[in-house]
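Listed below are the residues making up each chain.
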Amino acid sequence: MGKFDGMLICSDFDGTLFIGSQISDKTVEAIKYFQENGGRFTITSGRYPAFLGKYKHYVDANTYLIGLNGTIISNYDGTDVIRQGFLHSDSRKIIKKIIRDIDGLVALDFSTTEIPYIIKKYCGAPDGEGYFRYRLKEQNEELLDIALSCKTYRVIFHASEPASAKVTEDMQKIAGERYAISRSSPCGLEIQDAEFTK
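Residues numbered from 1 in each chain as written. Predicted model: local features only at pLDDT ≥ 70, side-chain atom pairs only at ≥ 80, totals over all residues. Heavy atoms only, no water.

Novice: How should helix H3 (residues 91-101) be read in this particular structure?
Specialist: Because an α-helix completes one turn every 3.6 residues, residues spaced three or four positions apart along the sequence face the same direction. Of the positions making up H3, those classed as buried are Ser 91, Ile 94, Ile 95 and Ile 98. End-on view of H3: buried residues confined to an arc of 100°, all on one side of the axis. Opposite the packed face of H3, turned more than 90 degrees from it, sit the exposed residues Lys 93 and Arg 100. The inward-facing, buried residues of H3 abut strand S6 (105-112), helix H5 (141-148), strand S8 (152-159), helix H6 (164-175), strand S9 (179-183) and strand S10 (188-193). (Buried < 20%, exposed > 50% of the residue type's maximum accessible area, 1.4 Å probe, protein only. Helix = DSSP H or I, 4+ residues; strand = E, 2+ residues; numbered from the N terminus. Arc of directions from axis to C-beta. Contact = heavy atoms within 4.5 Å.)

What follows is the structure in structure tokens.
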């Protein structure tokens, strides 16, 4: 038996475990020591588990990863998903209401399991990342309807930094208790099902 049996440490990735693209040697050593003595270590992040897999040669989680701020729990490559949560179908109306009623929004990032060809063509989508960006002023409503029809884990609304506190408050009023609204960056405000959030 190890002295850390039954213990779990979860760490955020950006700005916590990694500062920029660096992780300290002391942090790597401490995590390895913890794991070698029975502890479980994982990463809980707003990023996809597959993205985190690019860094496992520095520090390797020895249990499931918590990705997209709690909407998916899986191994690095997503082949073993033990829990995932998608936005409910009524979120389409709520997202459209947020877009219509709140000033200061500039774009939406959709984290999804599928990216239709038309979205790839007009919005672009990084290979293997599972998300795409819809720009409010540059793309049409028909494209938004296609985006909203995708099976989606979460949507990140981008607002100007000065407006983001007010936007968060206004989004929560519109979304109600069924959805969690949280800040994912100084300008990013995400909506996801309240049952699937970290």
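Novice: I would appreciate a short explanation of the packing of aromatic side chains in the present structure.
Specialist: The description of two aromatic rings rests on the distance between their centres and on the angle between their planes. This structure, assessed with the given rule, holds twelve aromatic pairs. Look at Phe 18 and Tyr 58: their rings are 5.6 Å apart centre to centre, the planes differ by 75°, and that puts the pair in the edge-to-face class. Here Phe 18 is found in the loop between strand S1 (8-11) and helix H1 (25-36), whereas its partner Tyr 58 is found in the loop between helix H2 (49-52) and strand S3 (65-67), with 40 residues between them in sequence. With a centroid separation of 4.7 Å and 25° between ring planes, the pair formed by Phe 86 and Tyr 153 is classed as stacked. Of the two residues, Phe 86 is situated in the loop between strand S5 (81-84) and H3 and Tyr 153 in strand S8; the sequence distance between them amounts to 67 residues. According to the relative accessible area criterion, Tyr 153 is buried, its value standing at 5%. A connected cluster of aromatic rings, assembled from ring pairs, spans Phe 13, Phe 18, Phe 51, Tyr 55 and Tyr 58. Lying over the aromatic face of Phe 51, Arg 47 brings its terminal NZ or CZ to 4.0 Å of the ring centre. (Phe/Tyr/Trp six-rings, centres within 6.5 Å; stacked < 30°, edge-to-face > 60°. Lys NZ or Arg CZ within 6 Å of the ring centre and 35° of its normal.)

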